[in-house]
Amino acid sequence: MTPLGEILRDEIRRDGPISFARFMDAALYHPEFGYYRRVRDPFGIRGDFYTAEQLQPVFGILIAEQIRRLRTSMGDVEEFTVVELGAGRGEMAGALSEFRYVPVEMGSRLPEGIRGVVFSNEFFDSLPVHVAVMHGGAARELRVGFAGEWFTWVEAGSAPEEVECYRRTYLGPLTEGRVFEAGLEALKWLDRISAALESGYVFSIDYGYTAKELVRFPSGTLMSYRRHQALKDVLKDPGEQDITAHVCFSALEGYGNQVGLERVALKPLARTLVEAGEADQFARALEAGSPGEEQQRRLQLKQLLFGMGETFWTLIERRQVRE
Ligand SMILES: C[S@@+](CC[C@H](N)C(=O)[O-])C[C@H]1O[C@@H](n2cnc3c(N)ncnc32)[C@H](O)[C@@H]1O
């Protein structure tokens, strides 16, 4: 058992089954043993997974172009900052260096009074979620217990009111036996972003679904990653493997609207990248010093457009003018 597994097991023995949000929060962000807090680098070939941000320089060049367009739509204002939520290894720092760039990671704070863009890539999918199952027409919480030597799912009583409210508002009616996640932490982040963003845009890239597509995920969307393998057992070895939940874009959009963030666009990542690159036929993105480098850039573009581009979405929301 992992050291974090022992801590969570003892907590469950003492207090009873814990919410999955508590389990996921500890598994990813426990100060000592959390997956994202350990010394070992989770990203790249020696880690557990790649993100689009590792496909540099092509991803950075195209995203910087998209952000330039957002700045132009704000009248090319002088004071313009790009805040990146969950900046990870800081992979975007070079590509976004023409702007005032502020990476936000665990332990750093969201700046106040932002004029510009709050950008993120695979940030919302790594925020803790609650899990519930439809039973007898109502949502019942799935909590995490411990039996024998394993963490197990335990169907508890009625789901907390915020979870039911999330389902009713953003997911709609669900059939018996459906498992779903409620991304309450993501909504809290939208509150914070909305309060901090004086003017400009929220530009979020992630994999996810809209309420209409939810039928594709009858057992929910939780997934773990380890050594480039996708694993279904998210309760295994807490602290040793990544845990993600697809982002519900209907919730990001719906709640965003409630807190003053108006949707400008929701589209597949591939379309956003094509729009950013088509003006010069991707010349800037593919301009390279050697044939080898050019080939590498072409490969990155292909991976972005045909691999990630179809499964990832971009949501752009604009700060409504405050009264
Ligand atoms: C899947 S990684 C993505 C990293 C990077 N954006 C990329 O695409 O390679 C998610 C990142 O979000 C960060 N994160 C999660 N919760 C956070 C929080 N509450 N505050 C700041 N960063 C957070 C994690 O530490 C992690 O680096």
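What you see is a predicted model; the values in this text were computed from it and never measured.

Rules of the game
- Residues numbered from 1 in each chain as written.
- Predicted model: local features only at pLDDT ≥ 70, side-chain atom pairs only at ≥ 80, totals over all residues.
- Heavy atoms only, no water.
- Near = heavy atom within 4 Å.
- Polar contact = N/O pair within 3.5 Å; in protein donor to acceptor, adjacent residues only side chain to side chain.
- Areas by Shrake-Rupley, 256 points an atom, 1.4 Å probe, with all protein chains shown as cover.
- Nonpolar A, V, L, I, M, F, W, Y, C, P; charged D, E, K, R; others polar.
- Helix = DSSP H or I, 4+ residues; strand = E, 2+ residues; numbered from the N terminus.
- Buried < 20%, exposed > 50% of the residue type's maximum accessible area, 1.4 Å probe, protein only.
- Core = buried A, V, L, I, M, F, W, Y, C linked by side-chain atoms within 4.5 Å.
- Contact = heavy atoms within 4.5 Å.
- Pairing = 2+ DSSP bridges.
- Axes fitted to C-alpha atoms, helices over the stretch in contact; angles between N-to-C directions.

(A) Local environment of the site of the ligand. Close to the ligand lie 17 residues; Tyr29, Thr51, Gly86, Glu105 and Asn121 are nearest. A distance of 3.4 Å is found between a nitrogen atom of the ligand and a backbone nitrogen or oxygen belonging to Met106. Asn121 places a polar side-chain atom, nitrogen or oxygen, 2.8 Å from an oxygen atom of the ligand. Protein chains bury 93% of the 600 Å² of accessible surface belonging to the ligand in isolation. In terms of residue class, the shell around the ligand is made up of seven nonpolar, six polar and four charged.

(B) Representation of unusual backbone geometry in the model. Gln56 connects to Pro57 through a cis peptide bond whose omega is 15 degrees. Not every positive phi belongs to a glycine, and Gln281 is a case in point at roughly 55 degrees. Along the polypeptide, Gln281 turns up in the loop between α7 (269-277) and α8 (283-286). Note on Gln281: relative accessible area 63%, which makes it exposed. Of note in the backbone geometry, Phe282 takes a positive phi value of approximately 65 degrees without being a glycine. Mapped onto the secondary structure, Phe282 falls in the loop between α7 and α8. The exposure class of Phe282 is buried, given its relative accessible area of 14%.

(C) Looking closely at the nonpolar core. Judged by nonpolar contacts, the single largest core of 44 residues is most densely connected at Leu85, Leu110, Phe124, Tyr166 and Ile193. For this core, the element with the highest residue contribution is helix α5 (residues 184-196), accounting for seven residues. Not counting the four nearest positions on each side in its chain, Ile193 is found in contact with Leu85, Leu110, Val118, Phe124 and Val202. In terms of nonpolar packing, the next biggest core, distinct from the first, is built from 36 residues, Tyr101, Phe119, Tyr201 and Phe282 among them.

(D) Structural detail: the side chain of Gln300. Within the secondary structure, Gln300 is located in helix α9 (residues 291-311). Aside from chain neighbours lying at most four places away, what touches Gln300 is Leu55, Gln56, Pro57 and Val58.

(E) Seen up close, the sheet that holds strand β11 (residues 229-231). Read across the open sheet, the three strands follow the order β11-β10-β12; overall the sheet is antiparallel. This sheet does not close on itself; its edge strands, each paired only once, are β11 and β12 (242-244). Looking at each pair of strands side by side, their axes are set apart by 30 degrees on average, direction ignored. Two strands pair when backbone bridges link them, and strand β10 (residues 223-226) and β12 are joined in this way by three bridges, in the antiparallel orientation.

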